[in-house]
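Each chain is listed here by its residues.
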Amino acid sequence: EEKKSISFVEQFVEEDLAQGKNGGRIQTRFPPEPNGYLHIGHAKAICMDFGVAEKYNGICNLRFDDTNPSKENNEYVENILNDIKWLGFKWGNIYYASDYFEKLWEFAVWMIKNGYAYIDQQTSEEIASQKGTPTTPGIASPYRDRPIAESLALFAQMNTPEAVEGSMVLRAKLDMANPNMHFRDPIMYRIIQTPHHRTGTKWHCYPMYDFAHGQSDYFEGVTHSICTLEFVPHRPLYDKFIDYLKEMDGTADKLQDNRPRQIEFNRLNLTYTVMSKRKLHTLVDEHLVKGWDDPRMPTLCGMRRRGYSPESIRNFIDSIGYTKFDALNDMALLEASVREDLNKKATRLSAVLDPVKLVITNYPDGKTEEMESINNPEDDQSGSHTITFSKTLWIERADFMEEAPKKFFRMTPGKEVRLKSAYIVKCTGCTKDSAGNIIEIQAEYDPESKSGMEGSNRKVKGTLHWLSVDHCRKAEVREYDRLFNTENPSADERDFRELLNPESLKVHTNCYVEDYAASRQSGEYLQFQRTGYFMADLDSTPEHPVFNKTVGLKDTWAK
Ligand code: ATP
Ligand code: MG
Ligand code: MG
C-alpha cells in the first residue's frame with residue numbers, strides 16, 4: 001500500500017516535535033474574520049489547521065479575528081460555526097481577538113513608553129505617499145520623534161467618542177528604509193467609531209491585523225500559526241512584535257521558547273469563480289446572486305444547498321494538496337470529487353425534466369403495478385422503494401426519435417427498449433400536432449418481460465426512466481452553470497461583474513418527479529436516474545417540490 005506523502009507543513013511540525021519545541025505540544029487555530037461567509041478556500045485552511053492538530057494529538061481553536069467592527073457581526077459568527085461543524089471538524093475553544101483588546105492596549109502603551117511607537121497625525125494619503133518603494137527608502141513622518149508623553153496623551157484621546165476617524169494613528173517606530181515595506185513604521189491602531197458586535201462602544205480605536213494576529217497567537221499559546229502565502233512578507237513583523245512582547249514579559253532571554261511559528265501555504269483558487277470576500281459581498285449586495293447560499297456561490301452554505309457533501313469537499317482539498325506556489329485549480333476536479341462521493345450516497349429516483357407522453361397501448365386501462373426501485377445499487381444497506389407503473393407515462397423528449405440513426409439506442413419506431421424496473425416495450429409510432437410537434441408516443445409492452453422475470457433477460461440496448469402520468473408530481477428544477485464565463489475572473493482586467501455568465505441559472509418548471517421524490521428534504525443526496533445528482537432546495541415543499549442540480553453524471557466540460 002502506498003503511503004501518502006506528508007505536506008511540507010507537517011514536515012515542519014515534525015521537525016519542531018523532534019527538537020522538543022513547546023514541550024511537544026501542538027496547538028493550531030483557524031482565524032476567520034466574521035465579515036462574511038466561509039467559502040471553499042477557507043475550507044482548505046480549515047482542513048490544514050484542524051488536520052495538523054488531529055494528526056499530532058494537538059488542539060485546534062477557533063479565533064474570530066474581530067478587529068474591524070465596521071464590517072463584522074454576529075450573524076457571520078453563527079454561520080461560520082455552523083459551516084465548520086458541517087465540514088465535520090471539532091474545535092477546542094472559541095476565542096475572539098476582541099478578548100485581547102485590553103492586553104493589546106497595554107502592550108501598545110508599553111511600546112510608546114519604550115520609544116517603539118508614536119502617534120502620527122498625518123492623513124492616510126500623506127502617510128502612503130511617504131512609504132517609498134522596495135528599492136528606495138521612505139520618508140520619516142514629522143511626528144516620528146515627538147515626545148513620548150505627547151504620544152501617550154494622544155493615544156488616550158484616540159480611544160474617546162470624540163476622536164475623529166482618520167485624524168491620527170499609532171505607528172510602530174521601526175525602519176523607514178527597510179526593504180520589507182511592512183517594517184516602514186506600520187500602523188498599529190486606527191480610530192473606528194462604529195460600535196463593535198461584542199464590545200459595544202467600549203473602544204474607539206482598534207488594532208490592525210499585524211498588531212493583533214501574532215499577539216493573539218502568542219497569548220493563546222499557539223505553536224503553529226498556519227496561514228496563506230500572502231502573509232510571507234508579514235512574517236518578520238509577526239516575529240518582531242512577539243520579540244517585543246517577550247521583552248515586555250521579561251522572557252527576552254528565551255526568545256525562541258514558547259512562540260508561535262508562522263507557516264504559509266498556497267491559497268485555493270478555483271476556475272470560473274471568485275474567492276475574494278469583497279467580490280462575494282458585491283454579488284450579494286447587488287443581487288447578482290440570490291444570497292450567500294445561492295447554489296452558484298463558492299461559499300460552503302451555497303455548496304451545501306446545491307447538494308455537495310462535506311466529504312466531497314474534503315476529498316477534493318486532500319487531492320490538490322498544499323504547496324508554496326499559488327495556482328488555479330480546476331472546478332472540474334471538485335465536481336469529479338462530488339460525483340465520486342455522491343455515487344456512494346445518493347438515492348436513485350425517477351424524474352422527467354422535459355416530458356413527452358408515452359402510451360402503452362396493450363396495457364389494461366386503469367391497471368397499476370408497484371415496481372421495486374433499488375435506492376442505491378452501490379449500497380447494500382440502502383433498501384428500495386416502489387414506483388407506480390400504468391398505461392400512460394412520461395418519458396424524456398430527448399429519448400425519442402422518429403427517424404433515428406443506427407446508434408440511437410433509445411426509443412424509435414420498430415425497436416425495443418427497456419423501461420427501468422418495469423417492462424420491455426416496442427415503439428409502434430407517434431402522434432403530432434398540426435405544427436408537427438410530437439405530442440404522444442405509442443408502444444406495446446411484453447407482459448413476460450417484467451423486471452425480475454425470465455422474459456426480461458433478453459438483450460435490449462437502451463434503458464429509459466419514466467413516470468406514471470397519474471402518479472407523479474410537478475416539480476421545479478434549477479440547473480446551474482458556471483457563475484463566470486472566464487476561467488480566471490480575478491486575473492481579468494475588466495470589472496468582474498461584466499464577466500458573469502448570464503445563463504448560470506436555468507429554471508425548468510415543467511418537470512415531473514416520482515411521489516417518493518417530492519417528500520425528500522434538503523440534506524438528502526439524490527440521483528435522478530440518467531440525469532445527474534440533485535438535492536431538494538431549501539424552498540422545496542411537498543406541494544411545490546424544487547430541486548437543485550448538484551452536478552451532472554458526467555463531466556460535460558471536458559473538451
Ligand atoms: P479575503 O482576503 O477575501 O477578505 P480573508 O483571507 O481575509 O479573505 P479570513 O476570514 O481572514 O478571510 O480568512 C480566515 C483564514 O482562511 C485565513 O487564515 C486565510 O488565510 C484563510 N483563507 C482565506 N481564503 C483562503 C483561500 N482561498 N485558500 C486558503 N485559505 C484561505
Ligand atoms: Mg479579509
Ligand atoms: Mg483575513
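Because the structure is a prediction, the values reported are computed rather than measured. (Residues numbered from 1 in each chain as written. Chains lettered and ligands numbered in written order. Predicted model: local features only at pLDDT ≥ 70, side-chain atom pairs only at ≥ 80, totals over all residues.)

1. Considerations on helix H8 (residues 235–249)
Link 1 in the chain: Taking 1.5 Å per residue as the helical rise, H8 with its 15 residues ought to reach 21 Å, and the 21 Å between its terminal C-alpha atoms agrees with that figure.
Link 2 in the chain: Turning to H8, its buried residues are Leu237, Tyr238, Lys240, Phe241 and Leu245. Viewed along the axis of H8, the buried residues span an arc of 165°, placing them on a single side of the element.
Link 3 in the chain: Against helix H4 (101–113), helix H7 (209–220) and strand S9 (261–265) lie the buried residues of H8.
Link 4 in the chain: Looking at the residues trailing H8, positive phi occurs at Gly250, about 80°. (Helix = DSSP H or I, 4+ residues; strand = E, 2+ residues; numbered from the N terminus. Expected span 1.5 Å × (residues − 1). Buried ≥ 20, exposed ≤ 12 C-beta atoms within 10 Å, placed from the backbone. Arc of directions from axis to C-beta. Contact = placed C-beta atoms within 7 Å.)

2. A short note on the site of ligand 1
Link 1 in the chain: Around ligand 1 sit 15 residues in total, of which Gly41, Ala45, Thr228, Arg267 and Lys277 are the nearest.
Link 2 in the chain: When contributions to the shell around ligand 1 are tallied by element, the ones reaching two or more residues are helix H2 (40–55) and strand S8 (224–228).
Link 3 in the chain: Among the elements that take part in the shell around ligand 1, H2 stands out by supplying four residues, more than any other.
Link 4 in the chain: Among the residues forming the shell around ligand 1, the class breakdown is six nonpolar, four polar and five charged. (Near = placed C-beta within 6 Å. Nonpolar A, V, L, I, M, F, W, Y, C, P; charged D, E, K, R; others polar.)

3. Structural notes on the sheet that holds strand S5 (residues 169–172)
Link 1 in the chain: With respect to topology, four strands assemble into an open sheet ordered S4-S5-S6-S7, the strand pairing being antiparallel. Across the chains shown, the open sheet's two edge strands, defined by having one partner strand only, are strand S4 (117–120) and strand S7 (205–207). Adjacent strand axes in the sheet meet at a mean angle of 20° when their direction is disregarded.
Link 2 in the chain: Sheet analysis places strand S6 (residues 187–191) next to S7, joined by three bridges and oriented antiparallel. Across the sheet, the residue bridging to Arg190 is Tyr206, located in S7.
Link 3 in the chain: Most of the contacts of helix H6 (residues 148–158) go to S4, to which it runs at about 60°, and overall it touches S4, S5, S6 and S7. (Pairing = 2+ DSSP bridges. Axes fitted to C-alpha atoms, helices over the stretch in contact; angles between N-to-C directions.)

4. A word on the confidence of the model for the chain
Link 1 in the chain: Taken over all residues, the pLDDT of the chain has a mean of 95, while the share at 70 or more is 98%.
Link 2 in the chain: Overall fold confidence (pTM) sits at 0.94, and the ipTM for the predicted complex is 0.97. (pLDDT = per-residue confidence, 0-100.)

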